[in-house]
Amino acid sequence: MTDALAAPPPPRPAAHHELSVLWVRHWTDQLFSFAVERPEDFRFRSGEFVMIGLPGEDGGKPILRAYSVASPGWAEELEFFSIKVPDGPLTSRLQKIQPGDRVLMGKKPTGTLVLDALTGGERLHLIGTGTGLAPWLSVARDPETYARFGRVIVSHTVRQVADLAYREFFAGGIHEDPLIGDEARAQLTYYPTVTREAFPTPGRITDRIRSGDYFRDLGLPEGFDPAQDRVMLCGSMAMIKDTAALLDGFGLKEGSNAEPADYVLERAFVG
Ligand code: A2P
């Protein structure tokens, strides 16, 4: 009898937000960006990532992948920068989204590419390859970044010139930002490098660091100084490994949210 009278279990809260797509921009046949509406209760720190996905086909399980939020913590919309993997379970479908479509977003942002995980310094180097640029779009639009660091360098290494998504934005558009435009103009340097096509600053960022070109181009003393330089790394695993080894060689220590230090890293997520 008691069974029959027992109250039904309360409905489980939805695991994901279901959000409307606001815009989509295709950079190349391999790269695109999109933005979704921001739920009122969604808070995140600039540089964090969140799960993004689509409902499963034919009522199957939803497919989600981690994406860095490319918007700063104060933004009203949430922007993401993605590759298109032709056979990727998520991005083969996600690349077809249109404004008004719905995507799923996890409720818990997290990550180590945050100012909180770094100790104080004079210069902040944001080093990314491919879609590993995404968190820098967030961190470089956060006023706290310019309050904490006198100089901010966004470096982006890609194979081809066309892969330099957001080039115009970092080269000039960001200077018009009403919130951080003046700071960006005075403190931010964009440093693109291209590995498989002619370009004024050619080659891998690791090679340019090793040769000293990186520091000469930026008018900085050669080498990373543990007293002044702080670094965030995002992109291919190989780039992160090689750059982290270089930083270790200069005496920089890897940090985390629990133990802030000189540099932090996160793999760029692949859909
Ligand atoms: P490269 O063309 O010499 O491989 P991907 O498109 O494979 O994700 O790579 C994005 C960029 O990262 C490419 O320009 C690639 O250069 C560069 N890259 C790959 N591995 C490394 C590494 N170990 N160190 C530095 N850059 C790297």
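Visitor: Got a sec to walk through the sheet that holds strand β7 (residues 123-129)? Specific residues and values, please.
Guide: One open sheet accounts for five strands, arranged β9-β8-β7-β10-β11; its pairing is parallel. Bordering the open sheet on either side are β9 (188-194) and β11 (263-267), each of which pairs with just one other strand. The average angle at which neighbouring strand axes cross in this sheet is 10°, direction not considered. In the sheet, β7 pairs with strand β8 (residues 151-158) via seven bridges, with the strands oriented parallel.

Visitor: Give a description of the pattern of salt bridges that names residues and reports values.
Guide: Side-chain pairing between opposite charges can occur once the charged atoms of the two side chains come close. Taken as a whole, this structure holds 13 salt bridges when the rule is applied. Two residues, glutamate 37 and arginine 102, come together in a salt bridge whose shortest N-O distance is 3.9 Å. Of this pair, glutamate 37 sits in strand β2 (residues 31-37) while arginine 102 sits in strand β6 (residues 102-106), and the two are 65 residues apart along the sequence. By relative accessible area, arginine 102 is classed as partly exposed at 42%. Here arginine 216 makes a salt bridge to glutamate 222, at a shortest N to O gap of 3.3 Å. Residue glutamate 222 is classed as exposed on the basis of its relative accessible area, which comes to 55%. Linked by salt bridges that have partners in common, Glu18, Glu37 and Arg102 make up one network.

Visitor: Which residues make up the site of the ligand, and what values do they have?
Guide: The immediate surroundings of the ligand are formed by Thr129, Thr157, Val158, Arg159, Thr195, Arg196, Arg204, Thr206, Ser236, Ala238, Met239 and Asp242. In this structure, an oxygen atom belonging to the ligand sits 2.9 Å away from a side-chain N or O atom of arginine 159. For the ligand, whose accessible area on its own is 560 Å², the fraction buried by protein is 78%. The site holding the ligand turns out to be the largest pocket.

Visitor: Could you give an account of the sheet that holds strand β3 (residues 49-54), with specific residues and numbers?
Guide: With respect to topology, six strands assemble into an open sheet ordered β4-β3-β6-β1-β2-β5, the strand pairing being antiparallel. Sheet topology places β4 (63-68) and β5 (77-83) at the edges, where each strand pairs with a single neighbour. Within the sheet, the average angular offset between the axes of one strand and its neighbour, ignoring direction, is 40°. Two elements, β3 and β6, share two bridges in a ladder whose sense is antiparallel. Counterpart to isoleucine 52 in the pairing with β6 is methionine 105.

Visitor: How would you summarise the pairing of β5 if you had to cite specific residues and measurements?
Guide: By the criterion of burial, β5 is predominantly enclosed, with five of the seven residues buried. In terms of strand pairing, β2 meets β5 through seven bridges, oriented antiparallel. Bridged to valine 36 within β5 is leucine 78.

Cut-off values and rules
The numbering scheme is per chain: residues are counted from 1 as the chain's sequence reads. Side-chain atom pairs in this predicted model are given and counted only at pLDDT of 80 or more, local residue features only at pLDDT of at least 70, and totals for whole chains, interfaces and linings cover all residues. The basis for every side-chain value is the complete set of heavy atoms in the structure, and neither hydrogens nor water enter the calculation. A pair of strands is labelled paired if DSSP reports no fewer than 2 bridges between them. Secondary structure elements are defined from DSSP: runs of H or I of at least 4 residues count as helices, runs of E of at least 2 residues count as strands, and each element is numbered from the N terminus. Orientation is described by axes fitted as lines to C-alpha atoms, over the contacting stretch for helices, and by angles from 0 to 180 degrees between their N-to-C directions. In the sections that follow, a salt bridge refers to a side-chain nitrogen of Lys or Arg positioned within 4 Å of a carboxyl oxygen of Asp or Glu. Here's how the labels work: a residue is buried when its accessible area is under 20% of the maximum for its type, exposed when over 50%, partly exposed in between, all with a 1.4 Å probe on protein chains only. Any residue with a heavy atom lying within 4 Å of a molecule or strand is counted as near it. Nitrogen and oxygen atoms within 3.5 Å of one another constitute a polar contact, given that in protein one can donate a hydrogen and the other can accept it, and given that sequence-neighbouring residues count only through two side-chain atoms. Using the Shrake-Rupley algorithm and a 1.4 Å probe, accessible areas are obtained, with residue cover drawn only from the displayed protein chains. Computed over the protein atoms alone on a 1 Å grid, cavities are sets of points where a 1.4 Å probe fits but cannot get out and pockets are open sets with protein on both sides within 12 Å along at least five of seven lines; a residue lines them when it has an atom within 4 Å of a point. If over half the atoms of a molecule are within 2 Å of the grid points of a cavity or pocket, the molecule is regarded as sitting in it.

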